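# Reading the structure
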Amino acid sequence: MLVFIIRRMLQSIVALLVMSVLIFVGVFVIGNPIDILINPQADQAEIARATAALGLDQPMWIQYWDFLRHALTGDLGRSFSQNVPAVQLILERMPATVELALCAMLMAILLGIPLGLVAGMKPDAWYSKTIMAGSILGFSLPTFWVGLMLIMVFSVFLGWLPSTGRGHTTLLFGVQVSFLNWDGLTHLMMPALNLALFKLSLLIRLTRAATREAMLQDYVKFARAKGLPMRRIVGVHVLKNILIPIVTVIGLEFGSLIAFAIVTETIFAWPGMGKLLIDSINVLDRPVIVAYVLIIVCLFVVINLVVDLMYSLLDPRVRLAGARA
Amino acid sequence: MSSADVESPFKRVAADFAESRLALVGLATLILILIVAVGAPWVSPQNPYNLATLDIMDSKLPPGGHSLDGMTFWLGSDDQGRDMLSAIFYGLRVSLGVGILATVIALAIGLAVGLVAAWSGGWVEVVIMRLVDLQLSFPSILIALVLLASLGQGVDKIVIALITVQWAYYARTVRGVALVERNKEYIEAATCLALSTPRILFHHLLPNVMPPLIVIATVQVAHAIALEATLSFLGLGMPITSPSLGLLIANGFTHLMSGKYWISLYPGLALLITIVSINLVGDQLRDVLNPRLQK
């Protein structure tokens, strides 16, 4: 087990290094950020001064080496446009994104698993078919368009929910959160639903497929023969057995939720790190883009590691494969 | 065995496919969309990008409104006085074109890489599959965003981004199938005949690897179209000169708040119908081409 963890950590570090080079080289190609950041009427001397101040006159490999050296101490450069450390900028925005993603995941779980269970128990009933048709639609709907339509219906036509921003935030353990007061909650509802829709469809399909298989197993027949009520069979016996793949997928999908939050945040002007990324791309704020991607990569590496470990804890059968890997 | 007993594979696939009415509806819709997309210059009521035919006085008319010279805007007009129906036809052309082109190229690359990995084995396979795993552990939208952030805008850039996002799926699938197929007797027979490696790979192995790939490629076209629309919506996709459906929707977003819903709604519906019909066809193809479900 320890060997497995160490091996995975080493792999993760290699992945991080590869990504950092790719990103740095990629972002370097975009062009000269000076053109965008400096007043177009600036003279040659001023441009040269700014270039030197930002370190853009150094050869590329020196810039990368500096970047890497600083990255190891948690310093990923300062934002060109806001002149604050890029990491700080992203970490400030992170709670908003995490809150949104957690809320969306919660919605997907609380709706998706029960609906999937229902659809899996009676696959031929009309309501099961309706659920499945809905999930196909949820898969096909482009997230950004659903967001627009939500705004159109609930903000423009009905005027029930606000369409932009985070609303009032409350301080919880030193972090600003929206879900603890009514105003913040109304702001959170639409973006979270928008983000949840795709994962909801995924969870419905996954739970349904797993339930259908589990319902044919002997232990369900035995539980039935014992005369257990259906609620107990499904709620205890079936659910326990299908939970392993579901937990894995939930873990893995959490990372992709944070990535997809980029789209939702842009639509609902949610002040998270996804919106920060898009804003930074628009003004070619190189350090912020690089810092964002590296932080996301770290996040993914950690999530993948945790999911792998959890998987082997939940299911003893997997430990063998892990030990061999 | 007489030849009459042998059904051609295409006939069998077609007959199985037709068993699902929903899939047939999807196919019919898809064909209609393709015809409209290819024939956009001939079926559109207006050339939406010929500035001479546009009149700013006709801007933001609701669906069914009439222009000053008597033309009916069935789906309304946008802020430039452009007929939305025509804009959607032209947008479909761009979206489908980009999606299909990117998928075909990615398929070719993934096929080649996957076959090489499966056939050569050893460190070549390890390196390729590590790369595939690494890429697949990140969401496609993130990879595409970072790529576009560094490459800049343009049709070619977005096609490159869509190819980069997709090739790994094909490579992994091809390798998986090819590993199973290479141990079968027909490959052994071909090897015994001392046929050249390219001939075995492309004449013998390739046709047997294709069915699962066709299924993935169908669904991937829908993914590519949706991803392109998302990127265009974020302002990182297609340039304003060749507006895809995503760009039309983004354009409508600015007018949504004032209740002018049609500029965003209808391009979105067109996008949705396209994606759903592709998915319906893909789902049915998966069942038809899956040997485990064959009677």
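Residues numbered from 1 in each chain as written. Chains lettered and ligands numbered in written order. Predicted model: local features only at pLDDT ≥ 70, side-chain atom pairs only at ≥ 80, totals over all residues.

### A word on the overall build of chain A
For clarity, the cut-off: Runs of H or I in DSSP of at least four residues are treated as helices and runs of E of at least two as strands, each being numbered from the N terminus. In this scheme every C-beta is placed from the backbone, and a residue whose C-beta has 20 or more other C-beta atoms within 10 Å is buried, one with 12 or fewer is exposed, and one in between is partly exposed. Once C-beta atoms are placed from the backbone, any two residues with those atoms within 7 Å are in contact.
In terms of regular secondary structure, chain A is built from 13 helices and two strands. With 325 residues in all, chain A has 37% of them scored as buried. Sequence-distant contacts, at least 24 apart, represent 70% of the contacts inside chain A between residues at least 6 apart.

### What to know about the packing of helix α10 (residues 245–256) of chain B against helix α11 (residues 262–289) of chain B
All names here are of chain B. To keep it simple, the criterion reads: As a rule, the C-alpha atoms of each element are fitted with a line to give its axis, helices using only the stretch in contact, and angles between N-to-C directions run from 0 to 180 degrees. Angles are sorted into four bins: roughly parallel if under 35 degrees, roughly antiparallel if over 145, roughly perpendicular if 65 to 115, and oblique for all others. In this scheme the handedness of a crossing depends on how the near helix is turned from the far one: anticlockwise by less than a right angle means left-handed, clockwise means right-handed.
Viewed as axis vectors pointing N to C, α10 and α11 meet at an angle of 150°, and their least axial separation amounts to 7 Å. With respect to each other, α10 and α11 are oriented roughly antiparallel. Seen from above, α10 lies across α11 with left-handed handedness. Contacts between α10 and α11 involve L245, L248, I249, N251, G252, F253, H255 and L256 on the former and, on the latter, I263, S264, P267, G268, A270 and L271.

### Remarks on the interface of chain A and chain B
Convention followed: When residue character is reported, Ala, Val, Leu, Ile, Met, Phe, Trp, Tyr, Cys and Pro are called nonpolar, Asp, Glu, Lys and Arg charged, and the others, Gly included, polar.
Contacts between the two partners involve 29 residues from chain A, matched on the other side by 31 residues from chain B. Elements supplying a minimum of two residues to the side of chain A that touches chain B: α1 (2–29), α6 (126–140), α7 (143–157), α10 (230–268), α11 (273–282) and α12 (286–314) of chain A. Counted by class, the side of chain A that touches chain B contains 24 nonpolar, five polar and no charged residues.

### Regarding the confidence of the model for chain A
Condition: Scored between 0 and 100, pLDDT is the confidence that the predictor attaches to each residue.
Scored by pLDDT, chain A has a mean of 78; 85% of the residues are at 70 or more. Of all the helices and strands in chain A, helix α13 (residues 316–324) of chain A carries the lowest mean pLDDT, 54, while helix α5 (residues 86–121) of chain A carries the highest, 87.

### Details of the nonpolar core
Spelled out, the test is: We call a set of buried Ala, Val, Leu, Ile, Met, Phe, Trp, Tyr and Cys residues a nonpolar core when their C-beta atoms link them within 7 Å.
By size, the foremost hydrophobic cluster in this structure holds 160 residues, and its most contacted members are A:A104 and B:Y170. The leading source of residues in this core is helix α4 (residues 84–120) of chain B, at 18 residues. The residues contacting A:A104, other than those within four sequence positions of it, are A:A192, A:L195, A:A196, A:K199 and A:L257.

### Looking at the environment of B:A23
Residue and element names in this part refer to chain B. For A23, the location among the structural elements is in helix α2 (residues 21–38). Overall, the presence of 21 C-beta atoms within 10 Å leaves A23 in the buried class. Here the alpha-carbon distance between A23 and S277, two residues 254 residues apart in the chain, equals 8.0 Å. Sequence-distant contacts of A23, defined by excluding residues within four places in its chain, comprise F17, L280, V281 and Q284.

### Brief notes about unusual backbone geometry
At A:A269, a position not held by glycine, the phi torsion is positive, near 50°. Along the chain, the position of A:A269 falls in the loop between α10 and α11. Even without glycine at this site, B:A194 takes up a positive phi of about 60°. One can find B:A194 in the loop between α8 (185–192) and α9 (197–233).

### Observations regarding the environment of B:N208
All names here are of chain B. For N208, the location among the structural elements is in helix α9. Given 16 C-beta atoms within a 10 Å radius, N208 is considered partly exposed. Here the alpha-carbon distance between N208 and V177, two residues 31 residues apart in the chain, equals 8.5 Å.

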